[in-house]
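Chain and residue survey
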Amino acid sequence: MALRKNENERIAGQVREAEEKRDAEISAKNERLRQELEKIRLSHAAQKKELEMQRERERQADAEDAARLLSEYQAATEAERENDAARRGKNISLKKYHVKQVRI
């Protein structure tokens, strides 16, 4: 009976050791997975931030391009108006000249 009790205690000890080893392995694996997940989260956050920064740079560049194009358009429109005014002024001068010539 004592032999059987000793054998049972030895087996129970081995089972406890195996369970402790298994628990330690699971804990280590969980910790590795948690660390990998954290690295993935950090990488994703960095990529997301970089993408947002890139989009903001593109928005700023687009805004600058739009402002430049608007300025060029306004300058071209103003130049065209000035040319039209000069042409009209010249036409009026020519008409006055021709009217004066006809009266003479």
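Preceding this section is the structure that the text describes.
Summary of the structure given here. Just so it is clear, the structure is predicted and the values come from calculations on it, not from any experiment.

Take the overall build of the protein next. Counting its secondary structure elements, the protein contains one helix and zero strands. Over its C-alpha trace the protein gives a radius of gyration of 44 Å, far above what one expects of a compact globule, namely 13 Å for 104 residues. Residues classed as buried in the protein amount to 2% of the 104 residues present. For the protein, the exposed area adds up to about 10,100 Å²; of that, 54% sits on carbon and sulfur atoms. Of the side chains in the protein, 25 bear a positive and 22 a negative charge, and the two mean positions are spaced by 9 Å.

Applying the stated criterion to the full structure yields nine salt bridges. Linked through salt bridges whose partners overlap, the residues forming this network are Asp 65, Arg 68 and Glu 72.

What follows deals with a negative patch on the surface. A cluster of like negative charges, contributed by Glu 17, Glu 19, Glu 20 and Asp 23, occupies part of the molecular surface. Tracing the backbone shows Glu 20 in helix 1 (residues 2-103). Given the relative accessible area of 55%, Glu 20 is considered exposed.

With that settled, consider the environment of Asn 83. Summarising the element assignment, Asn 83 is placed in helix 1. For the pair Asn 83 and Ala 2, spaced 81 residues apart in sequence, the C-alpha separation works out to 119 Å.

Parameters and conventions
- Note on numbering: residues in each chain are counted from 1, in written sequence order.
- Thresholds applied to this predicted model are a pLDDT of at least 70 for local features of residues and 80 or more for the giving and counting of side-chain atom pairs; totals over whole chains, interfaces and linings are not thresholded and use all residues.
- In computing side-chain properties, one takes all heavy atoms of the structure into account and sets aside hydrogens as well as water.
- Per the convention used, a helix needs a DSSP run of H or I reaching at least four residues, while a strand needs a run of E reaching at least two, with both numbered from the N terminus.
- Here the globule rule reads 2.2 Å times residues to the power 0.38, and the radius of gyration is calculated from C-alpha atoms.
- Only protein chains enter the accessibility calculation, which uses a 1.4 Å probe. A residue is then buried if its area is under 20% of the maximum for its type, exposed if over 50%, and partly exposed in between.
- Using a 1.4 Å probe, the Shrake-Rupley method yields the accessible areas, and only the shown protein chains count as cover for residues.
- Positive charge is attributed to Lys and Arg, negative charge to Asp and Glu, and no charge count is given to His or to the chain ends.
- Charged side chains are reduced to one point each, which is NZ for Lys, CZ for Arg, CG for Asp and CD for Glu.
- What makes a salt bridge here is a side-chain nitrogen of Lys or Arg within 4 Å of a carboxyl oxygen of Asp or Glu, nothing more.
- Each patch is built from salt-bridge-free residues with over 30% relative accessible area, joining like charges within 9 Å and nonpolar side chains (Val, Leu, Ile, Met, Phe, Trp, Tyr) within 5 Å.

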